[in-house]
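What follows is each chain in one-letter form.
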Amino acid sequence: MEFSKTEFPGLIIIQPRVFHDERGFFIESYQSELFAKNGIAHDFIQDNHARSEDAGVLRGLHFQLPPFAQGKLVWVTRGSVFDVAVDLRNGSPTFGKTFTTTLSADNFTRLFIPRGFAHGYMTLEVGTEFQYKVDAYYAPAHEAGIIWNDPDLSIPWPENVTPILSPKDQNLPAFRDFSSPFVYASGN
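Residues numbered from 1 in each chain as written. Predicted model: local features only at pLDDT ≥ 70, side-chain atom pairs only at ≥ 80, totals over all residues. Heavy atoms only, no water.

Student: How should the pattern of salt bridges be read in this particular structure?
Tutor: Any two side chains of opposite charge can pair if their charged atoms end up close together. By the definition in use, this model includes 9 salt bridges. Aspartate 21 is the salt-bridge partner of arginine 23, the closest N and O atoms lying 2.4 Å from each other. The class of aspartate 21 is partly exposed, set by a relative accessible area of 33%. The partner of aspartate 87 in a salt bridge is arginine 89, with the nearest N and O atoms 2.9 Å apart. Grouping residues by exposure puts aspartate 87 and arginine 89 together as buried. A network of salt bridges, in which partner residues are shared, links Arg51, Glu53 and Glu129. (Salt bridge = Lys/Arg side-chain N within 4 Å of Asp/Glu carboxyl O. Buried < 20%, exposed > 50% of the residue type's maximum accessible area, 1.4 Å probe, protein only.)

Student: Looking at this structure, I do not really get empty space enclosed by the protein. What am I missing?
Tutor: If you roll a probe as big as a water molecule over the atoms, it shows you where there is empty space left. Tallying each qualifying case throughout the model produces 1 cavity of 30 Å³ or more. By volume, the largest cavity is sized at about 70 Å³. Along its surface, the largest cavity is lined by His62, Phe63, Gln64, Ala69, Gln70, Lys72, Ile113, Pro114, Arg115, Gly116, Phe117 and His119. Elements that contribute at least two residues to the lining of the largest cavity include exactly β6 (58–64) and β11 (117–123). Considering only residue class, the lining of the largest cavity consists of 5 nonpolar, 5 polar and 2 charged. (1 Å grid on protein atoms, 1.4 Å probe; cavity = no way out; pocket = protein on both sides within 12 Å on 5 of 7 lines; lining within 4 Å. Points joined across faces, edges and corners; volume = space filled by probe spheres on them. Helix = DSSP H or I, 4+ residues; strand = E, 2+ residues; numbered from the N terminus. Nonpolar A, V, L, I, M, F, W, Y, C, P; charged D, E, K, R; others polar.)

Below is the structure:
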């Protein structure tokens, strides 16, 4: 596996080795010792799997508040998504900045998103399946979010796509109205 740091401290792109032959492919998708050696020493305790029937389904921007904040390892097993992470950590050199990438079943790319980031994605294909590991359990009383089209964040969502959002995601607050409890510390 290849681990690539981004300009966002702690946000890491993982590219697994893919072994193809006439039968299909094989990948090692996760190995805790290798991940720890590359800065992702997390105890993932829950796996989640979401399927979106339509292109344009937008989920996010979501996060959980401390003490139930979550680090996430995300990837796509069918279809593709435009993936977004926003740094919410006070004191971070990338606070309030947005990281975007395309994750797809074809590119096999994984993204590790540390605690203190909002996360969201838009499906680019019908029948997209999105999977992720988290290092803290879902805590409904601590879930929060930022509106997907926040003018201060200026996320470059795919054009010519009408987003399909849940009622909850349509009514999330603006970034400027969010007082972040997340604090950046070197190494997190």
